[in-house]
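# Understanding the architecture of this molecule
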Amino acid sequence: MILHKVLLVTTKTVSVEVLSLARSYGQRQAVADISFSIAPGEIFGFLGPNGAGKSTTIGMIAGLIAPDHGTVKICGFDIVADRQSAKQRLGLVPQDLALYETLSAEDNLQFWGQMYGLGGVALRKRIGEVLEFVGLVGREKEQVAQYSSGMKRRLNVAAALLHKPEVLLLDEPTVGVDPQSRNRLLEGIAHLKAQGMAILYTSHYLEEAERLCDHVAIVESGRLIALGTPQTLKAKGGGSLRLEVLSGFPDLAEIKKLKAVARVIWQENLLHIESDRPQTIIAAVLSLLQAEGVIIRNLELFEPSLETVFLQLTGKSLRDQ
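Everything quoted here is computed from the prediction, not taken from an experiment. All chains use their own residue numbering, which begins from 1 and follows the written sequence. Given that this is a predicted model, residues contribute local features only at a pLDDT of at least 70 and side-chain atom pairs are listed and counted only at 80 or more, while totals for whole chains, interfaces and linings are drawn from all residues. With hydrogens and water excluded, all non-hydrogen atoms of the structure serve as input to the side-chain values.

## Things to note about the overall build of the protein
- Helical segments are the DSSP runs of H or I of at least four residues, strand segments are the runs of E of at least two, and each set is numbered from the N terminus. Scanning the protein for helices and strands turns up 11 helices and 14 strands.
- Projecting the C-alpha coordinates of the protein onto the three principal axes gives extents of approximately 80 × 45 × 35 Å.
- Here's how the labels work: a residue is buried when its accessible area is under 20% of the maximum for its type, exposed when over 50%, partly exposed in between, all with a 1.4 Å probe on protein chains only. Residues counted as buried form 46% of the 321 residues belonging to the protein.
- Contacts in the protein between residues at least 24 apart in sequence constitute 70% of all its contacts with a sequence separation of at least 6.
- Of the charged side chains in the protein, 34 are positive and 35 negative, and the gap between their average positions amounts to 4 Å. Contacts are assigned to residue pairs that have any heavy atoms within 4.5 Å of one another. Only four residue types enter the tally: Lys and Arg on the positive side, Asp and Glu on the negative side, with His and both chain ends excluded. Charged side chains are reduced to one point each, which is NZ for Lys, CZ for Arg, CG for Asp and CD for Glu.

## Some details on the domain arrangement of the protein
- Boundaries between domains were set according to an automatic or database domain assignment. Here the protein is partitioned into domain 1 (2-89 + 165-228), domain 2 (99-155) and domain 3 (238-303).
- Here the C-alpha centroids of domain 1 and domain 3 sit 41 Å apart.

## As for the packing of helix α5 (residues 149-161) against helix α6 (residues 179-194)
- One can describe the packing of α5 onto α6 by two numbers: an axis separation of 9 Å at closest approach and a directional angle of 20°. Of the possible angle classes, the one that applies to α5 and α6 is roughly parallel. When the axes of α5 and α6 are compared, the crossing they make is left-handed. Only Ser181, Arg184, Leu185 and Leu192 of α6 make contact with α5, whose side of the interface consists of Gly150, Met151, Arg153, Arg154, Val157 and Leu161. Structural elements are reduced to axes, namely lines fitted to C-alpha atoms, with helices fitted over the stretch in contact, and the angle between N-to-C directions of any two is expressed from 0 to 180 degrees. An angle below 35 degrees is read as roughly parallel, one above 145 as roughly antiparallel, one from 65 to 115 as roughly perpendicular, and any other as oblique. For a crossing to be left-handed, the near helix must be turned anticlockwise from the far one by less than a right angle; the clockwise case is right-handed.

## With respect to the sheet that holds strand β4 (residues 69-74)
- Across the sheet, 4 strands lie side by side as β2-β1-β4-β5; this open sheet has antiparallel pairing. In this open sheet, the two edge strands, each paired with only one partner strand, are β2 (28-38) and β5 (77-78).
- Pairing between β4 and β5: 2 bridges, direction antiparallel. Within β5, the residue paired with isoleucine 74 across the bridge is phenylalanine 77.
- Relative to strand β1 (residues 16-25), helix α1 (residues 54-61) is tilted by about 120°, and along the sheet it contacts β1, β2 and β4. Here a strand pair is declared whenever DSSP counts at least two bridges between the two strands.

Written as C-alpha cells, this is what we have:
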C-alpha cells in the first residue's frame, strides 16, 4: 500500500473546532450547544442512538447544514465564513454511498477528482494511490454495480481521500460490509491517524469505537452527555461477576457489605454481583463463599465496556429510535 502518499500531514494543534453548535427544525431542537475539538492524528468517536443529533452535527461540520448559532473551524478556517478554504481541507465519507453504480470505480474517482479541482496526470496518479490504499487495484475497470457492499464502502473512502484532506468525517463507514472489508477499512483508518489525519468517526459498532478512538463523545437528544477517552468513560461504567453455585446458599447481606459492590442478585443458583471494579472483588467474594461452605461451579467476569456505559447513560442501544 502507498500509505505515505495518502494525505498531507498538518502541523496545526487543532484540526476541528466545534463551539456551541446548535440547530433547530421548527420546535424541535436537533442539536443543542455542542462543543468539542479534534487534534491532528486523533480519531474522535461521535456516538448516539438514532435521532440523537449526530447526522445534523456532521452536516454542520461539513458545511452542508447552516447552524442556528455556533461555529465550526476546519484547520482554522470557519466553515461558513471561509467555506472554500475549510472544505478544501475536509473529506466526507457519507453513510449513503456517493457513487455512480453504472460507472466503473476509476470513472467514479475521475468524476470526484474533477469536482475537487484535480485533473490530468496528477489526478490519474492520485487515483492509483487511493485505489491501492483501499485494496481495489485490479478491479478499477469494473462497474460499481458489480461490487460487493464492502468494495463499495472502500471506494467511498477512496473518493474522499482524492484531494488529500487534513480532516476526514466518517459516517458509518463499515455498515453492511463483510468482515474482510471491515478489517481492511479499520486498518486503513488507523494508518490515516498515524500519518496525522484528524478523523471524526460515527458507528453503530461500539467495539470499533473502543478499538480505534482516542476520545469519544456520546450525544442524546441533541446534547453532549459524555466526553472522554474510552478508558475514562469505561471507568465510570459498571461491570459484574456472575457465579454459578453448585451447592449452598450465599449470604447476600455480607456480600453487599464488600467495598465496590453496587448490587447483588440471587436467582436460580446464579449469583450476580454488580460493581464498578469487578476484578478487585473476586478474592473477597470467593473467600466469603468458601467460609459459608458455598461451592462454585463457574465464575465469569464482565468488565466495564463502552457499550455498558452507553446503555447506562442513554438507556438505549445505538439503533434505538
